[in-house]
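Analysis of the macromolecular model
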Amino acid sequence: MRPHDVHAVIAVKNLDLAKSRLAERLRPELRARLVLAMLTDTVTAALTVPRIGSVTVVTPDPVVAALSAELGAAVHPEPRISDLNAALDDAASALRRANGPVELLALQADLPAVRPEELCAMLAAAPAGRRSIVVDHAGTGTAALYAAGPAVALDPRFGPDSARAHIAAGATDLAGDWPGLRRDVDTAVDLDRAVELGAGDATRALLRDIGWSGHVHEAVRRVC
């Protein structure tokens with residue numbers, strides 16, 4: 001495979017809708033900051049992977065868009081469609097119009113403990129010419145969806161029980177040991193587990209700043 005043959009896409013909602021399940025622990029403005037910190041660590045990890053040529057963030061939120069551009073990601077304004085999967089499909093189509101028949105990787109935006117080497121290993125493990133998924137830590141969601149071939153449609157099916165939906169549509173369930181990649185964050189317990197795994201710089205800095213309980217230690221992150 002050529003270097004930079006995979007282009008990643010990440011969807012992020014408006015910050016005023018951010019992480020409502022953390023409302024008992026964090027005020028709305030802190031939840032918004034957490035979303036931005038986790039997005040920073042996710043995008044940074046992805047951009048470190050040699051095979052990933054670009055990261056595109058799909059969002060209607062101007063603050064998210066500004067941060068994404070600062071991080072070196074492209075920004076795709078969310079189309080006038082409320083459906084997440086339609087928005088991802090729209091961005092995927094735009095990527096292939098701009099870059100030719102590239103491979104596509106859809107990632108969740110809240111993967112603060114993901115390591116570049118996990119993404120490298122996942123891309124290497126996926127069968128060519130097919131869609132593959134990485135099921136999240138809960139066993140029902142999808143942390144990553146990979147269209148491993150220039151003619152393979154992304155066909156995102158995110159939403160409740162998305163892992164089952166993707167597999168039913170023909171996606172391969174990748175079985176690698178990638179705890180950071182699988183650890184998306186919806187609850188306080190999820191965030192604590194991500195901290196234990198070793199969250200990225202932005203998330204660790206934010207959690208120290210807001211006095212989040214737990215030992216916020218530094219992860220060892222290697223370039224592939």
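To keep things clear, this report deals only with the structure shown in the data block.

Criteria and thresholds
- Residues numbered from 1 in each chain as written.
- Predicted model: local features only at pLDDT ≥ 70, side-chain atom pairs only at ≥ 80, totals over all residues.
- Heavy atoms only, no water.
- Helix = DSSP H or I, 4+ residues; strand = E, 2+ residues; numbered from the N terminus.
- Rg over C-alpha atoms; globule rule 2.2 N^0.38 Å.
- Buried < 20%, exposed > 50% of the residue type's maximum accessible area, 1.4 Å probe, protein only.
- Contact = heavy atoms within 4.5 Å.
- Areas by Shrake-Rupley, 256 points an atom, 1.4 Å probe, with all protein chains shown as cover.
- Lys, Arg positive; Asp, Glu negative; His and termini not counted.
- Charge placed at Lys NZ, Arg CZ, Asp CG, Glu CD.
- Axes fitted to C-alpha atoms, helices over the stretch in contact; angles between N-to-C directions.
- Parallel < 35°, antiparallel > 145°, perpendicular 65-115°, else oblique.
- Nonpolar A, V, L, I, M, F, W, Y, C, P; charged D, E, K, R; others polar.
- Phe/Tyr/Trp six-rings, centres within 6.5 Å; stacked < 30°, edge-to-face > 60°.
- Lys NZ or Arg CZ within 6 Å of the ring centre and 35° of its normal.
- Pairing = 2+ DSSP bridges.

On a plain count of helices and strands, the protein comes out with eight helices and seven strands. For a compact globule of 224 residues, the expected C-alpha radius of gyration is about 17 Å, and the protein comes in at 16 Å, within 12% of that figure. For the C-alpha atoms alone, the extent of the protein along its principal axes is close to 45 × 35 × 30 Å. Within the span of the protein, comprising 224 residues, buried residues form 53% of the whole. In the protein, 66% of the contacts between residues at least 6 apart in sequence involve partners at least 24 apart. Per element, the accessible surface of the protein, about 10,000 Å² overall, is 53% carbon and sulfur. Within the protein, the 28 negative side-chain charges are centred at a point lying 2 Å from the centre of the 24 positive side-chain charges.

What follows deals with the packing of helix α1 (residues 28–48) against helix α8 (residues 201–210). The contact between α1 and α8 brings their axes to 7 Å, and the two run at 155°. Considering their axes alone, α1 and α8 lie roughly antiparallel with respect to each other. Packed against α1, whose contacting residues are Leu30, Arg33, Leu34, Ala37, Met38, Thr40 and Asp41, the element α8 presents Asp201, Ala202, Thr203, Leu206, Leu207, Asp209 and Ile210 at the interface. Here the residues of the contact of α1 with α8 sort into eight nonpolar, two polar and four charged.

So, about the packing of aromatic side chains. All told, the structure shown has zero aromatic pairs when counted by the stated rule. Its end group placed over the ring of Trp212, Arg25 keeps NZ or CZ at 4.0 Å from the ring centre.

Within a sheet, each strand pairs with its neighbour through backbone hydrogen bonds, oriented either parallel or antiparallel. If you walk across this open sheet you meet the seven strands as β3-β2-β1-β4-β6-β5-β7, and the pairing is mixed. This sheet does not close on itself; its edge strands, each paired only once, are β3 (74–77) and β7 (172–173). Sheet contacts for helix α2 (residues 62–71): β2 (52–59) and β3; angle to β2, the most-contacted strand, approximately 165°.

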